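Okay, here's what each chain looks like letter by letter:
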Amino acid sequence: MRNTPSPYNRLPRRDFLKQTAAQVLTGTAVAGILQSQHGLQAGEDSKAKSKPAAAYQLGAFTKSFQDMPIPDVCRAFQSIGLDGLDLTVRPKGHILPENAEQELPQACAAAKEAGVKILFLTTMIDEPDKNAERILATAREQGIDRVKIGYYRYKTFGTLAQQLKETTKKIGKVAKLCQKYEILPCVHVHSNAFLPSHGTQLYQLIQDYSPQEVGAYVDMLHMVKEGSGDGWRQGLDLLAPWIALCAVKNFSWERGEGRDKHGHQKWEVKTVPVADGISPIPDYVAALRKLGYEGTFSLHSEYKGRHSWKELSTQECLDQTAVDAKYFRSLWS
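In this text the structure is predicted, and so the values were computed from the model without any measurement. (Residues numbered from 1 in each chain as written. Predicted model: local features only at pLDDT ≥ 70, side-chain atom pairs only at ≥ 80, totals over all residues. Heavy atoms only, no water.)

**Re the pattern of salt bridges**
- Tallying each qualifying case throughout the model produces twelve salt bridges.
- The shortest N-O distance in the salt bridge between Lys249 and Glu302 comes to 3.4 Å. Of the two residues, Lys249 is situated in the loop between β9 (243–248) and β10 (250–259) and Glu302 in the loop between β12 (296–299) and α11 (314–332); the sequence distance between them amounts to 53 residues.
- Given a relative accessible area of 6%, Lys249 falls into the buried group.
- In this structure Glu302 comes out as partly exposed when scored by relative accessible area, which is 21%.
- Via salt bridges that share partners, Lys63, Asp219, Lys249 and Glu302 belong to a single interconnected network. (Salt bridge = Lys/Arg side-chain N within 4 Å of Asp/Glu carboxyl O. Helix = DSSP H or I, 4+ residues; strand = E, 2+ residues; numbered from the N terminus. Buried < 20%, exposed > 50% of the residue type's maximum accessible area, 1.4 Å probe, protein only.)

**Brief notes about the side chain of His190**
- Locating His190 in the fold gives a position in the loop between β6 (184–188) and β7 (194–195).
- What makes His190 buried here is its relative accessible area of 18%.
- Ignoring any residue separated from it by four or fewer positions in sequence, one finds His190 in contact with Tyr151, Pro196, Ser197 and His222. (Contact = heavy atoms within 4.5 Å.)

**Some thoughts on empty space enclosed by the protein**
- Scanning the model with the defined rule gives one cavity of 30 Å³ or more in all.
- The computed volume of the largest cavity comes to approximately 40 Å³.
- Around the largest cavity, the lining residues are Ile149, Gly150, Tyr151, Tyr152, Val187, His188, Leu195 and Pro196.
- By residue class, the composition of the lining of the largest cavity is six nonpolar, two polar and no charged. (1 Å grid on protein atoms, 1.4 Å probe; cavity = no way out; pocket = protein on both sides within 12 Å on 5 of 7 lines; lining within 4 Å. Points joined across faces, edges and corners; volume = space filled by probe spheres on them. Nonpolar A, V, L, I, M, F, W, Y, C, P; charged D, E, K, R; others polar.)

**Examining the packing of helix α6 (residues 160–180) against helix α7 (residues 199–206)**
- At a closest axis distance of 8 Å, the pairing of α6 and α7 adopts a crossing angle of 60 degrees. By the angle between their axes, α6 is oblique relative to α7. In the packing of α6 onto α7, the handedness of the crossing is right-handed. Touching Leu160, Leu164, Thr167, Thr168 and Ile171 of α6 are Gln201, Gln204 and Leu205, all from α7.
- The residue inventory of the contact of α6 with α7, partitioned by class, reads four nonpolar, four polar and no charged. (Axes fitted to C-alpha atoms, helices over the stretch in contact; angles between N-to-C directions. Parallel < 35°, antiparallel > 145°, perpendicular 65-115°, else oblique. Left-handed = near helix turned anticlockwise from the far one by under 90°.)

**Topic: the environment of Tyr56**
- Within the secondary structure, Tyr56 is located in the loop between α2 (29–50) and β1 (57–61).
- Separated by 237 residues in sequence, Tyr56 and Tyr293 have C-alpha atoms that sit 8.4 Å apart.
- Apart from residues no more than four positions distant in its own chain, Tyr56 is found in contact with Asp83, Gly295, Phe297, Phe328, Arg329 and Trp332.

**With respect to the packing of aromatic side chains**
- For the structure shown, the criterion picks out 14 aromatic pairs.
- Taking the centre distance of 6.5 Å and the plane angle of 80 degrees together, the rings of Phe251 and Trp253 count as edge-to-face.
- Look at Phe251 and you get buried, because its relative accessible area is 1%.
- For Trp253, a relative accessible area of 44% translates into the label partly exposed.
- Aromatic pair Phe297 and Phe328: ring centres 4.8 Å apart, planes at 55 degrees, arrangement tilted. Taken together, the positions of Phe297 in strand β12 and Phe328 in helix α11 put the pair 31 residues apart, joining distant regions of the chain. As far as burial versus exposure is concerned, Phe297 and Phe328 are alike and both buried. (Phe/Tyr/Trp six-rings, centres within 6.5 Å; stacked < 30°, edge-to-face > 60°.)

**Remarks on helix α9 (residues 231–239)**
- Among all positions of α9, only Trp232, Gly235, Leu236 and Leu239 are buried. Buried residues of α9, viewed axially, fall in a sector of 100 degrees; they line one side.
- Those residues of α9 that are buried lie in contact with α7, β8 (215–219), α8 (222–226), β9 and α10 (281–290). (Arc of directions from axis to C-beta.)

**Overview of a positive patch on the surface**
- Together, Lys155, Lys165, Lys169, Lys170 and Lys173 line one region of the surface with positive charge.
- Here Lys165 is to be found in helix α6. (Patch = residues over 30% accessible without salt bridge, like charges linked within 9 Å, V, L, I, M, F, W, Y side chains within 5 Å. Areas by Shrake-Rupley, 256 points an atom, 1.4 Å probe, with all protein chains shown as cover. Lys, Arg positive; Asp, Glu negative; His and termini not counted. Charge placed at Lys NZ, Arg CZ, Asp CG, Glu CD.)

**Concerning the confidence of the model for the protein chain**
- In the predicted model, the protein chain carries a mean pLDDT of 88, and 84% of its residues have values of at least 70.
- Every residue in residues 1–53 scores below 50 in pLDDT, and together they form 62 contacts with partners more than four places removed in sequence or on other chains. (pLDDT = per-residue confidence, 0-100.)

**Some thoughts on the sheet that holds β1**
- The strand order around the closed barrel built from eight strands is β1-β2-β3-β4-β6-β8-β9-β12, with neighbouring strands paired in parallel fashion. Mean inter-strand twist for the sheet, computed between neighbouring axes without regard to direction, equals 30 degrees.
- Across four bridges, the pairing between β8 and β9 is parallel. Its bridge partner lying in β9, Val218 is registered against Cys246.
- Across the sheet, α10 is in contact with β8, β9 and β12; its angle to β9 comes to roughly 165 degrees. (Pairing = 2+ DSSP bridges.)

This is the structure:
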């Protein structure tokens, strides 16, 4: 199943297939690949030092804005200069899976009217089923070419190797369904008891799939939380051909209340503004630019609930998102 595409620039599956077919018909496929490889080798060092600002799209995750109707979210995001929405289509999401056929076209129309886009969907698709078919078919009709799929949990200690094999197969089944609709399923890196919990583990899970079959959804918080020294960067290095989405967020460690039964101090992770946390966002951006990533970013703005450094209202979340967006864009300019 695995291909060997140019490792630092990837196309959505439908565009990749069209381009490949066109090259084969004109007899230029081999020449194009060789030229691309030569360009990467010859320009790698200079690109890292003087690469011009790459094309990218910056949106925000709608989880913290689900108390607003989607048209209002579209207008609010446009007002702070975002390109679009990372829209939740999942249980307890902005759109419930069973309502996708009716409500997703309405959301896309509202986005267009507001001057933004539905950049991608955050779903809980973890296996082929009727809801997955419903979401994917509607997304294709609306021109959405990628989705974040659901999560797989790490369970019994001592059986991780077998769990990784099983999870790889599960991802493959979802990928096969997504191919039917020419949509790229993206696997998110999420710390703690998730598979994958870090970048190297995601590489283990998807290395036998081509970047046109499965995408990597890298994360500036979770990858640094699990690999704060250099693990996050090594994960990006391994995942380079597959990177299709990137979450922008940051965190800090805070002393928790009390100690455990052994007398050990408790610690908690809190989501903080992008410029204020432990994750070295400028270094992360520099690594992505060195890899030639020119894709979609999602500001997660998870500033509600116990995991946030401060409980913000929806309007305060929007205000902080505007601050985060301005900071992030300054790094990419």
